[in-house]
Every structure is written in structure tokens, then in C-alpha cells.
Amino acid sequence: MNLGDLGAEVIKVERPGAGDDTRAWGPPFAGTESVYFLSVNRNKKSIAINMKDSKGAKLIRELAAVSDVFVENYVPGKLAEIGLGYEDIQKIAPHIVYCSITGYGQTGPMVQRGGYDSIAAAVAGLMHITGHEDGEPVRAGVAMTDLATGLYTYGAIMAGLLQRYKTGKGLHIDCNLLSSQVACLTHVAANYLNCKIEGKRWGTAHGSIVPYQAFKTKDGYIVVGAGNDQQFVTVCKILNLPEVSKDSRYKTNTLRVENRKELIDILSTRFSEKATIEWLQLFEGSGVPYGPINNMQQVFSDPQVLHNGLVMKMDHPTAGRIAVPGPGVRYSEFAMSHPKPPPLVGQHTVEILKGTLGYEDDAIEELLRTGAVAQHEVR
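Keep in mind that what you see is a predicted model, and the values were worked out from it rather than measured. (Residues numbered from 1 in each chain as written. Predicted model: local features only at pLDDT ≥ 70, side-chain atom pairs only at ≥ 80, totals over all residues. Heavy atoms only, no water.)

## Let's talk about the overall build of the chain
Across its full length, the chain holds 17 helices and 13 strands. Taking the principal axes of its C-alpha atoms as reference, the chain extends roughly 85 × 45 × 40 Å. Here the chain holds 379 residues, and the buried ones make up 37% of them. About 21200 Å² of surface is accessible on the chain, with carbon and sulfur atoms providing 56% of the total. Averaged over its 38 positive side-chain charges, the chain has a centre that lies 3 Å from the centre of its 40 negative ones. (Helix = DSSP H or I, 4+ residues; strand = E, 2+ residues; numbered from the N terminus. Buried < 20%, exposed > 50% of the residue type's maximum accessible area, 1.4 Å probe, protein only. Areas by Shrake-Rupley, 256 points an atom, 1.4 Å probe, with all protein chains shown as cover. Lys, Arg positive; Asp, Glu negative; His and termini not counted. Charge placed at Lys NZ, Arg CZ, Asp CG, Glu CD.)

What follows is the structure in C-alpha cells.
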């Protein structure tokens, strides 16, 4: 999607009929379309190809020959069985940036396992450190491991294209859920690797910074973070607790971490005395990072979200007018491409065969007749 936002022509290869598995992920549905699928498939054309048919595999090789990037997410070795592995594609398209996205990598003891976000998040330790301090492991509200892998892949593809620009040669990129999530363990991993401190769940709090968490108010929650000693003094001033900022137990962050429970009890009691909006007004302009915990309605009516233009609207051929969150980046010298709606299965099959590969009508009819490809007719 991000490459498409930047103007790339993205062709999604799907199996005829059901297409991508996420097309069935619901409810909710917009008409007959999975909203989950709609949320992550803008700016793509769809060609429906039966890869088990030799003519279908041949079409994919022909597409690779005229493409810059080839992205696949099969268990290692599966595509090589039908002549679509990296070595196969490299022979006919030495310029190709071939990117494999898997659960665990291209080699090693776990490569034949399928990979889903939640399983990788569990294996890679994210679930172990997510949830209430004394509670059960918790899955993040969105597929953070999938998203991190996609963003790593996006950067890797751009690096691959730059490498090709310099050398004239393509390359194989290995992106996988496990490696992406382990890389994202950052300071929690470093705590273990360097100090043998085991990761733990902190709820909304932070293991190394105090205060840095959600506090319950009279009618909701506010999240406050004091990343340095001056900010902590400011927090105490706003809460009208000057004696706390002067207490020797809380003079530095290290001391505040050591005396976390006593300090958080004091702050929590004070935060519970006012409504969230009152605290938001008191913290405004203080220089201390703070904010409410918003639900979706509040997020998409937030003045800054509206100002940043984060919602993309499109007209889908069957779902009608749809809206999805767009990319979180803006560029000074150019605007993002106007978003194109997610495709129906095989919506662009004939268009791609004719316009990209130069097939004549009779050859296309034969491919359709034999089931090597399928075209979705938009009514």
C-alpha cells in the first residue's frame, strides 16, 4: 500500500474464486466486502491466476520479467516447486528485487511453519511483555508484528531498488515476522541481553521511567509521561503536590523507579479527584507529554487527526464509499497519489494481460476458458 501511495503500480496475484484469505475475514462487511481486506489493500490491481496450472505459472514469470519488484509470502520452497522461486525468477529477470515475507525466515529449524501475527508475537516475546502487571499475556489491539514486518519490508524494498540503481543487479530480500518482532523488542531485549533482566508486563506503565502511564480520573483516563526531572516537577506543580517533588525519594528518575509503588499511589489518588477534561486543561501548555485514552469516535474527531488528513476516502465498485486510515507520512515536494479502491478478485485480469503483457484477445479468451485465469465482471 505504501509503495502504491508513492505511485507504484501494484499487481496483486490471487487465486481465482476466493482470492486472498482476508477477503473472508469478518464481520464487519461493507456490502459483501470484508472491511479488514478493504483496510489494507488500496492502490492494488488484482489478477486472478491459477498458479497450479503451468500456463498460470508462466504468466507470473512473464509479469516478473517486466516488473521491478516481486513480493511473495509462501512457506520457503513452495514457489520453487512450480518454478517461481528466487533462482527461477532471477534467471529471466536478473534485475528483480525479489522479496520473501515468511513467518520465520528462509533457513533454520522453524521455516516450514506457517506464520500469523499472534503466533509470531507470542514466539518473539511481545505477548509476554504485554498486559496488566499481574494479568495474563495480551495480544496487541492491532497486528503490530504484521505491521512492523510490512514497514521493514517497505524500507527493504526501497533499499533493494537503490542497490539495483547503483549496481544494475537485483537481489533476494528475506523479511519475516519473527525477526521483525525480535528487532522491535528494543530496550526490553537489551535489558535481558546486557543485564539478564527478564521482561515483564507493565500494563500502561514503563519499566524504566516513572511516572509514564495511564492514570484513572473521575470519569476516564489520562496518560502522562515525565521523561526528565524537570517534567516531574511540573507534574507535581499541576497536581498541587509540591512536597512530592521535593521528597528525596523522588528526586531523580532512578529513585522514582525504585520507589514506584509509593509515588504512583500518591499520584493516582490525586488524578482520581478531577475529570479527564479538567486535567487536560491543566496540562495544556505545560511542556509535559499527556493525552486522553480515546476511542475510535474520539480519534477520528480529534482536531489534530483531522488536521493531519489521515483518512482516505474512495469509491469501491461494490462496497460504495469507503474510508480507511492513510499513510502517516507527508512530503514537502510532492503529494501522495490519489488512492485507488481495493480490487475485486481478478478485477484487472484482462487489463493486465492485454496492457502489461501484450496478449491478444484470442489468447486471453483461451486462458479464461481453460481456467488458468479469471476475470471479475463489475456490475
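Resuming the write-up.
## Thoughts on the pattern of salt bridges
Where charged atoms from two side chains of opposite charge approach closely, those side chains can pair. Scanning all chains against the criterion turns up 18 salt bridges. Measuring nitrogen to oxygen at the nearest pair gives 3.4 Å for the salt bridge that ties R321 to D315. Just as R321 is exposed, D315 falls in that class too. The residue D361 makes a salt bridge to K354 at a minimum N-O spacing of 2.9 Å. Take K354: its relative accessible area is 40%, and that puts it in the partly exposed class. It is possible to trace a salt-bridge network through shared partners that takes in E9, K45 and E351. (Salt bridge = Lys/Arg side-chain N within 4 Å of Asp/Glu carboxyl O.)

## Things to note about the sheet that holds strand β10 (residues 290–292)
In a beta sheet, neighbouring strands pair by backbone hydrogen bonds and run either parallel or antiparallel. The antiparallel open sheet is built from three strands, whose spatial order is β8-β9-β10. Edge positions in the sheet fall to β8 (212–216) and β10, since each has one partner strand and no second. Direction aside, neighbouring strands of the sheet carry axes that sit 20° apart on average. Across three bridges, the pairing between strand β9 (residues 221–225) and β10 is antiparallel. Considered in β10, the bridge of V224 is made with Y290. The sheet strands contacting helix α12 (residues 260–271) are β8 and β9, and the helix crosses β8 at an angle near 45°. (Pairing = 2+ DSSP bridges. Axes fitted to C-alpha atoms, helices over the stretch in contact; angles between N-to-C directions. Contact = heavy atoms within 4.5 Å.)

## Quick look at the packing of aromatic side chains
In this structure the tally under the stated criterion is nine aromatic pairs. By the ring-pair criterion, three or more aromatic residues cluster together here, those being F215, F271, W279, F283 and Y290. One cation-aromatic arrangement involves K196 over Y192; the distance from NZ or CZ to the ring centre is 5.2 Å. A cation over a ring is seen here: K200 above W202, with NZ or CZ 4.2 Å from the ring centre. (Phe/Tyr/Trp six-rings, centres within 6.5 Å; stacked < 30°, edge-to-face > 60°. Lys NZ or Arg CZ within 6 Å of the ring centre and 35° of its normal.)

## Observations concerning a nonpolar patch on the surface
Nonpolar side chains collect at one region of the surface, where W25, Y36, V40, Y116, I119 and V123 lie side by side and expose about 550 Å² of accessible area between them. Turning to its location among the elements, I119 is positioned in helix α5 (residues 117–123). On the accessibility criterion, I119 (42% relative accessible area) is partly exposed. (Patch = residues over 30% accessible without salt bridge, like charges linked within 9 Å, V, L, I, M, F, W, Y side chains within 5 Å.)

## A look at the sheet that holds strand β13 (residues 373–374)
Taken in spatial order, the three strands line up as β1-β4-β13 in an open sheet, and their pairing is mixed. At either end of the open sheet lies a strand with only one pairing partner, and these are β1 (10–14) and β13. Bridge count between strand β4 (residues 44–49) and β13: two bridges; the pairing is antiparallel. By the bridge assignment, I49 is partnered in β13 with V373. In this fold helix α3 (residues 54–65) packs onto β1, β4 and β13, with an angle of close to 150° to the strand it touches most, β4.

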